[in-house]
Amino acid sequence: MTRETVDILLKNASILTLDEDFHQYDPGALAIKGDTIVETGPGIDLVDKYEAREIFDCGGLVMMPGLINAHTHVPMTLLRGLADDLRLDVWLLGFMMPVEREFVSPDFVTLGTKIACLEMIRSGITCFADMYYFEEYVARTTAEIGLRAVCSQTVMKFPTPDADFYEESLLAARDFIERWKGNPLIMPSVAPHAPYTCTEEILRATAELAVEYDVPLHTHLAETASEVENSIRDHGMSVVPYVKTNHLFDAKVLAAHCVHVDESEIHTLLQHRAGVAHNPSSNLKLASGYAPVGKMIEAGLNVGIGTDGPASNNDLDMFEEVRLAAFLAKSVANDPTALPARTSLAMATCLGAKALHLGELTGSLKAGKRADLILVDVSRLHNSPRFRRDPNNLYAQLVYAGKSTDVRDVMVNGRWLMRDRLLTGLDEAELVQQAQEYARKIDLFLIQREKSVFSKLIAIGKTIEEESFEVQAKVRLPDPAPVLSSIKRPEIEVLRYRHYHEFDTYFLFSDPKLGTLRYREDEFIETGEHGNQARYRLTLIGPAREHKFPSDVLLSRSRYLAPAMYSLRFYREYFNPVTEISIEKDRRRWRVLFRGTEFYINLDRLDQPNLGYFVEVKSRTWSRSDAEHKASMAVELLEFLGASLEGRLTKDYLEMVQESIPNP
Ligand SMILES: [Zn+2]
């Protein structure tokens, strides 16, 4: 009998195939021709059947499909440990995105990917789904090293390190897909970052692109409860139906997280064959909640396991993720039989491959699939002894006591990437040193930024710098009646009137030179042309009074004004003030013309703290001589309003409020 020739025959292994029937062979063998598995089966049969160019004795180790990291951002290895113990929005919008805008480049992405690939190979990962910027360099580096990946070029509505406008990233994604489509290791893909960082237009355009090239679409979905709340507020529906309306599921979707999805959303995901990447470490660390993994698996969804980016995990260790996935599912279900070891290991292999839409190619040790496999030593001290009575025992050993350092050999696409824990071609010490150099520069950048409230404001983007100088004079009033009647006199022409309820929160910093940041919520009390509405503004008030004119008229500087896009809680956690002061007042505001000069008159009643009535006159000014003129006009106007000049204040509310608070 002539024996069929193969390239490599791996023999003497305890094989977990993770195929549909969960076949195990012990001792088993596996034959490979080129990049493809020819057969997996009992050792005795295969050794007789095949003539191999190379016979490899696995020494009784466990052979299983390589682990699939279903969601990550590999270049973020360079941002590992940059900012931790923060809420997702502060972490992402306050730290990650500003640092990325400053530092992420092809060089950054290449170095970060090399480090990640090394770390992943060492922990038995043979395939990963990535989402980042300059994805071209993730793909190139990964292909050079020899790992398999779905590489997704990010598109979002904000400026990114590789595009000022989303149209550019969409074009880049198209180019990228065209270049890599058909590559044996890289599956190119497009990544609308998340529903809340994209517009409806972006969701639709990226879905169309993915459909046109028949490539996966990678996104973050329903990661936090507030994402769902905001979606309901802004779109009248939760996240999954919202993206469905925008045709996202026309594409082959890989959705990371899906923490906050209900049964009907699970059904929608299933109906559209979307893959889900469950990220237990990331969800736990960011306290995002508990994904209903048990329900999703039960429904028949392809749920893989991912590490998420190394800046939010902070490692790329799939052994840890698989164990956490199992523990978490049991704990959430209050049922130790939930998500048994075999299922969680399937999530990290065959189900993960299907979630990435690479199920035909990888994920199990089966004839016709690519030879992506690992050899794991389960006989070391921390994993001894081995019981053989229960066929599920080996799964349990791997999931509950296995460590990434137990991985001895790694093969991807029929090629060894690690033999006997040795990797070739990458200088680990050199990579660590280069990463350290980036860390040094980023530290310096953040130290500089933290010195100034202004630069921290600029860092969170979408901001308008507007420096304005104001002449202002303020008087405390025992009774507002004279002011109200004076305003009606013909000498004053009222250009506009508004009535607000104002809630001000002042952030004070340890160094007064940093200035004071005011978060203001204005609630219009009367329906004017804009109707009843609230607006939120952020103002950085300059540290010192610029100048004091006679009669206690002040020239002050407000450095910066912008609409407040995030919540007060976000700003509090991002700016981290030493003191916070809240003021609540009723404000009547007139824009008037008085003797040819435009002024604002603010008539305030301070309710919190209860300090009574104040009248303030203000005018914007641009030059020294104009300021002097307006300062004397301000005094005239106050006198005209009948405000007693004895009550004139040299301080603003903030100082008074601070003084009214008894010293502890
Ligand atoms: Zn992510």
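Residues numbered from 1 in each chain as written. Predicted model: local features only at pLDDT ≥ 70, side-chain atom pairs only at ≥ 80, totals over all residues. Heavy atoms only, no water.

> Before we move on, could you go through the packing of helix 3 (residues 106–122) against helix 4 (residues 135–145) and cite the residues and values that matter?
Angle between the axes and distance between the axes are the two parameters that describe a pair of packed helices. One way to put it is that helix 3 packs onto helix 4 with a least axis distance of 9 Å and a crossing angle of 40 degrees. The orientation of helix 3 relative to helix 4 falls into the category oblique. Where helix 3 crosses over helix 4, the handedness of that crossing is right-handed. The segment helix 3 lies against helix 4, with Pro106, Val109, Thr110, Thr113, Lys114, Cys117 and Ile121 engaging Tyr137, Val138, Thr141, Thr142 and Ile145. Of the residues that constitute the contact of helix 3 with helix 4, the class distribution is seven nonpolar, four polar and one charged. (Axes fitted to C-alpha atoms, helices over the stretch in contact; angles between N-to-C directions. Helix = DSSP H or I, 4+ residues; strand = E, 2+ residues; numbered from the N terminus. Parallel < 35°, antiparallel > 145°, perpendicular 65-115°, else oblique. Left-handed = near helix turned anticlockwise from the far one by under 90°. Contact = heavy atoms within 4.5 Å. Nonpolar A, V, L, I, M, F, W, Y, C, P; charged D, E, K, R; others polar.)

> Go over the nonpolar core with me, naming the residues and quoting the values.
Soluble globular proteins: nonpolar side chains tend toward being buried together. Counting 141 residues, the largest nonpolar core has Phe108, Tyr571 and Phe575 as the members making the most contacts within it. For this core, the element with the most residues is helix 2 (residues 88–103), which contributes ten residues. Beyond its immediate sequence surroundings of up to four residues, phenylalanine 575 is in contact with Val453, Lys456, Leu457, Ile460, Phe507, Phe509 and Leu517. (Core = buried A, V, L, I, M, F, W, Y, C linked by side-chain atoms within 4.5 Å. Buried < 20%, exposed > 50% of the residue type's maximum accessible area, 1.4 Å probe, protein only.)

> Talk me through the pattern of salt bridges; I want residue IDs and the actual numbers.
In the structure shown here, the tally under the stated rule is 44 salt bridges. Put simply, arginine 587 and glutamate 502 hold a salt bridge, and the shortest N to O gap is 3.7 Å. Pair noted here: arginine 587 is in strand 24 (residues 579–594) and glutamate 502 is in strand 19 (residues 492–508), with a separation of 85 residues, a long-range link. The same class applies to arginine 587 and to glutamate 502, which are both buried. (Salt bridge = Lys/Arg side-chain N within 4 Å of Asp/Glu carboxyl O.)

> I'd like a rundown of helix 5 (residues 166–180), residues and numbers included.
The end-to-end C-alpha distance of helix 5 is 21 Å, a good match for the 21 Å that 15 residues give at a rise of 1.5 Å each. Residues of helix 5 that are buried: Tyr166, Ser169, Leu170, Ala173, Phe176, Ile177 and Trp180. The buried residues of helix 5 occupy an angular sector of 125 degrees when projected down its axis, which confines them to one face. Across helix 5 from its buried face, at more than 90 degrees, point the exposed residues Leu171 and Arg179. In this structure, the buried residues of helix 5 make contact with helix 4, strand 8 (148–155), strand 9 (186–192) and helix 6 (200–213). (Expected span 1.5 Å × (residues − 1). Arc of directions from axis to C-beta.)

> Got a sec to walk through helix 9 (residues 263–271)? Specific residues and values, please.
What helix 9 keeps buried is the set Glu265, Ile266, Thr268 and Leu269. Across the axial projection of helix 9, the buried residues extend over an arc of 155 degrees, all falling on one side. Exposed side of helix 9, more than 90 degrees from the buried face: Glu263 and Gln271 are the residues found there. The secondary structure elements touched by the buried residues of helix 9 are strand 10 (216–221), helix 8 (239–245), strand 12 (275–278) and helix 11 (293–299). Phi turns positive, to about 50 degrees, at arginine 273, one or two residues after helix 9.

> Describe the environment of valine 99, and please don't skip the residues or the numbers.
By secondary structure assignment, the location of valine 99 is in helix 2. Residue classification places valine 99 among the buried positions, given a relative accessible area of 1%. Linking valine 99 and leucine 82, residues 17 residues apart in sequence, is a C-alpha distance of 9.6 Å. With near-sequence residues (within four places) excluded, valine 99 lies in contact with Leu79, Leu82, Val104, Ile442, Phe445 and Leu446.

> Any details on the environment of valine 617? Residues and values, ideally.
Tracing the backbone shows valine 617 in strand 26 (residues 612–621). What makes valine 617 buried here is its relative accessible area of 0%. For the pair formed by valine 617 and valine 635, sequence separation is 18 residues and the distance between their alpha carbons is 8.7 Å. Not counting residues up to four positions away in its chain, the partners in contact with valine 617 are Val471, Gln472, Ala473, Phe599, Tyr600, Ile601, Ala634, Leu637, Leu638 and Leu641.

> Give a detailed account of the coordination of the zinc ion, specifying residues and quantitative values.
Coordination angles at a metal have ideal targets, namely 109.5 degrees for four tetrahedral donors and 90 or 180 degrees for six octahedral donors. At the metal site, the zinc ion is ligated by His71 (NE2), His73 (NE2), His220 (NE2) and Asp308 (OD), and these contacts range over 2.1 to 2.4 Å. When the donor residues of the zinc ion are listed from N- to C-terminus, their spacing reads H-x1-H-x146-H-x87-D. You can see histidine 220 sitting in strand 10 and its partner aspartate 308 sitting in the loop between strand 13 (302–305) and helix 12 (318–333), a full 88 residues away along the chain. Overall, histidine 220 belongs to the buried group, its relative accessible area being 5%. Residue classification places aspartate 308 among the buried positions, given a relative accessible area of 4%. (Donors = N, O, S within 2.8 Å, 3.2 Å for Na, K, Ca; no water.)

> For unusual backbone geometry, give the residues involved together with the corresponding values.
Each neighbour pair has its own omega, and for aspartate 26 with proline 27 the value is 0 degrees, a cis peptide bond. For proline 27, the location among the structural elements is in strand 2 (residues 24–33). A cis amide bond links glutamine 608 with the next residue in sequence, proline 609, at an omega value of -5 degrees. Along the chain, proline 609 falls in the loop between strand 25 (597–608) and strand 26. For aspartate 85, which is not glycine, the phi dihedral falls at a positive 60 degrees. The phi dihedral of arginine 595 is positive, around 50 degrees, even though this residue is not glycine. For arginine 595, the location among the structural elements is in the loop between strand 24 and strand 25.

> How would you sum up a negative patch on the surface? Please name residues and give values.
Together, Asp164, Glu167, Glu168 and Glu201 make up a region of like negative charge exposed at the surface. Along the polypeptide, glutamate 168 turns up in helix 5. (Patch = residues over 30% accessible without salt bridge, like charges linked within 9 Å, V, L, I, M, F, W, Y side chains within 5 Å. Areas by Shrake-Rupley, 256 points an atom, 1.4 Å probe, with all protein chains shown as cover. Lys, Arg positive; Asp, Glu negative; His and termini not counted. Charge placed at Lys NZ, Arg CZ, Asp CG, Glu CD.)

> Let's hear about the environment of alanine 173: which residues, and what values?
Looking at where alanine 173 falls in the secondary structure, it is placed in helix 5. Here alanine 173 falls in the buried class, since its relative accessible area comes to 0%. Once the C-alpha coordinates of alanine 173 and serine 189 are considered, the two residues, 16 residues apart in sequence, prove to be 7.5 Å apart. In this structure alanine 173 touches Gln153, Val190 and Leu209, once residues within four positions along its chain are discounted.

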